[in-house]
Amino acid sequence: MSDSDDYVPPRVWTWSQESGGRFASINRPIAGPTHDKSLPVGKHPFQLYSLATPNGQKVTIMFEELLELGHEDAEYDAWLIDISKGDQFSSGFVEINPNSKIPALMDRSGPEPIRVFESGAILTYLAEKFGAFLPTEPAKRAECLSWLFWQMGSGPYLGGGFGHFYAYAPTKMEYPINRFAMEVKRQLDVLDRRLAETPYLGGDDYTIADIAVFPWYGGLVKGWLYDAAEFLSVHEYKNVLRWADTIFERPAVKRGRMVNRTNGDPAEQLHERHSARDFETKTQDKV
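Keep in mind that what you see is a predicted model, and the values were worked out from it rather than measured.

Each value, and the rule that gives it
- Residues numbered from 1 in each chain as written.
- Predicted model: local features only at pLDDT ≥ 70, side-chain atom pairs only at ≥ 80, totals over all residues.
- Heavy atoms only, no water.
- Helix = DSSP H or I, 4+ residues; strand = E, 2+ residues; numbered from the N terminus.
- Rg over C-alpha atoms; globule rule 2.2 N^0.38 Å.
- Buried < 20%, exposed > 50% of the residue type's maximum accessible area, 1.4 Å probe, protein only.
- Contact = heavy atoms within 4.5 Å.
- Areas by Shrake-Rupley, 256 points an atom, 1.4 Å probe, with all protein chains shown as cover.
- Lys, Arg positive; Asp, Glu negative; His and termini not counted.
- Charge placed at Lys NZ, Arg CZ, Asp CG, Glu CD.
- Salt bridge = Lys/Arg side-chain N within 4 Å of Asp/Glu carboxyl O.
- Axes fitted to C-alpha atoms, helices over the stretch in contact; angles between N-to-C directions.
- Parallel < 35°, antiparallel > 145°, perpendicular 65-115°, else oblique.
- Left-handed = near helix turned anticlockwise from the far one by under 90°.
- Nonpolar A, V, L, I, M, F, W, Y, C, P; charged D, E, K, R; others polar.
- Pairing = 2+ DSSP bridges.
- Core = buried A, V, L, I, M, F, W, Y, C linked by side-chain atoms within 4.5 Å.

Time to look at the overall build of the protein. Looking only at helices and strands, the protein features nine helices and four strands. Beginning at the N terminus, the succession of helices and strands in the protein can be written as β-α-β-α-β-β-α-α-α-α-α-α-α. Computed over its C-alpha atoms, the radius of gyration of the protein comes to 19 Å, within 12% of the 19 Å expected for a compact globule of 287 residues. With the C-alpha coordinates of the protein rotated into their principal frame, the extents come out at 60 × 50 × 40 Å. The burial tally for the protein puts 48% of its 287 residues in the buried class. Considering only contacts within the protein whose residues lie at least 6 apart along the sequence, 65% involve residues at least 24 apart. For the protein, the computed accessible surface area is about 14600 Å², with 52% contributed by carbon and sulfur atoms. Charge centroids of the protein, computed over 31 positive and 40 negative side chains, lie 1 Å from each other.

Here is the structure:
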């Protein structure tokens with residue numbers, strides 16, 4: 001890998017395993033499993049294989065919100081996938097998600113198991129299955145889905161772009177940091193302008209659009225991502241901050257952020273979730 005400012009790409013790219021900074025060991029230019037290992041299966045209708053990254057939090061928040069509404073058949077087992085150890089490249093995980101990214105879900109509530117991967121697809125699948133957090137009126141549904149897919153398209157600029165170069169790259173490089181910081185601030189302004197008009201992204205009601213956007217952009221303005229709140233002057237986005245504070249007060253959101261978490265306060269880490277009682281008895285400060 002070259003850190004030179006005058007780097008010239010070769011005619012044909014080849015893989016250097018040293019590239020990628022902090023996450024070099026989990027990135028590779030090929031798909032498929034690296035080892036044979038089946039995934040565990042619990043007793044509940046839904047089996048979630050994940051980690052409490054922002055993408056993983058979307059789904060655990062959704063499950064906890066469904067349970068909060070009284071959907072008892074939304075009970076789930078949440079199994080920890082340690083991406084730093086390559087768990088996402090096991091044969092069992094790749095069978096559920098050929099893209100080897102968390103989260104991945106198996107719905108075992110019917111006669112045949114159904115796999116669902118990609119966080120946006122999982123949120124939509126669960127919203128439709130339970131008739132919750134996704135409007136049915138056409139205009140409201142379109143608005144909700146538009147913001148959901150806005151997050152799917154915008155998030156990689158925040159995570160893989162800004163987050164990587166600002167926090168994880170082996171060297172600090174002015175050009176990519178400036179390029180992606182500019183884009184992230186533009187995205188925050190997009191959200192801030194929308195949230196000046198409505199309490200939630202889809203309108204008056206809390207939806208899967210908010211559930212998808214909150215772990216990324218709510219986490220950013222709350223200071224949870226990349227230690228970048230001051231650098232990005234997140235205090236400027238007052239409507240985003242108001243929205244993030246409102247969502248964070250939801251009990252289901254607090255629980256959802258704990259599931260499959262492996263860093264931070266041990267009292268807020270629930271490595272695996274198999275019962276609602278686990279929040280009281282199996283967090284890392286009690287294990």
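In total, this model carries 16 salt bridges according to the counting rule given. Note that R273 is salt-bridged to E75, the shortest N-O span being 2.6 Å. Note that R273 is positioned in the loop between α8 (251-258) and α9 (278-281) and E75 in the loop between α1 (54-68) and β2 (76-80), a separation of 198 residues in sequence. Judged by its relative accessible area of 19%, E75 is buried. A salt bridge links R194 to E197; the shortest N-O distance between them is 3.3 Å. The class for E197 is exposed, based on a relative accessible area of 59%. Three or more residues are tied together by salt bridges with common partners; here these are E64, E68, E75, R255 and R273.

Where α1 meets α8, the closest approach of the two axes is 8 Å, and the angle between their N-to-C directions is 140 degrees. Between α1 and α8, the angle falls in the class oblique. The way α1 lies across α8 gives a crossing that is right-handed. Here α1 contributes Q57, T60, I61, E64, E65 and E68 to the contact with α8, which in turn contributes P251, A252, V253, R255, G256 and R257. Residue composition of the contact of α1 with α8, by class: four nonpolar, three polar and five charged.

Read from one edge of the open sheet, four strands run β2-β1-β3-β4, paired in mixed fashion. Looking at which strands have only one partner, the edges of the open sheet turn out to be β2 and β4 (114-117). Along the sheet, successive strands turn relative to each other by an average axial angle of 20 degrees, direction set aside. Helix α3 (residues 119-130) rests against β1 (46-50), β3 (104-107) and β4 of the sheet, and its axis sits at about 130 degrees to β4.

Counting residues in each nonpolar core, the largest one holds 65 residues, and the members touching the most others are M62, L126, L158, F162, I208 and W243. Per-element tally for this core: the top contributor is helix α6 (residues 208-221), with ten residues. Ignoring sequence-local partners within four residues, the contact set of L158 consists of G163, V184, Q187, W216, Y217, L220, L225 and Y226. Core analysis: the next-biggest nonpolar cluster, separate from the first, contains twelve residues, I26, L51, I96 and A104 among them.

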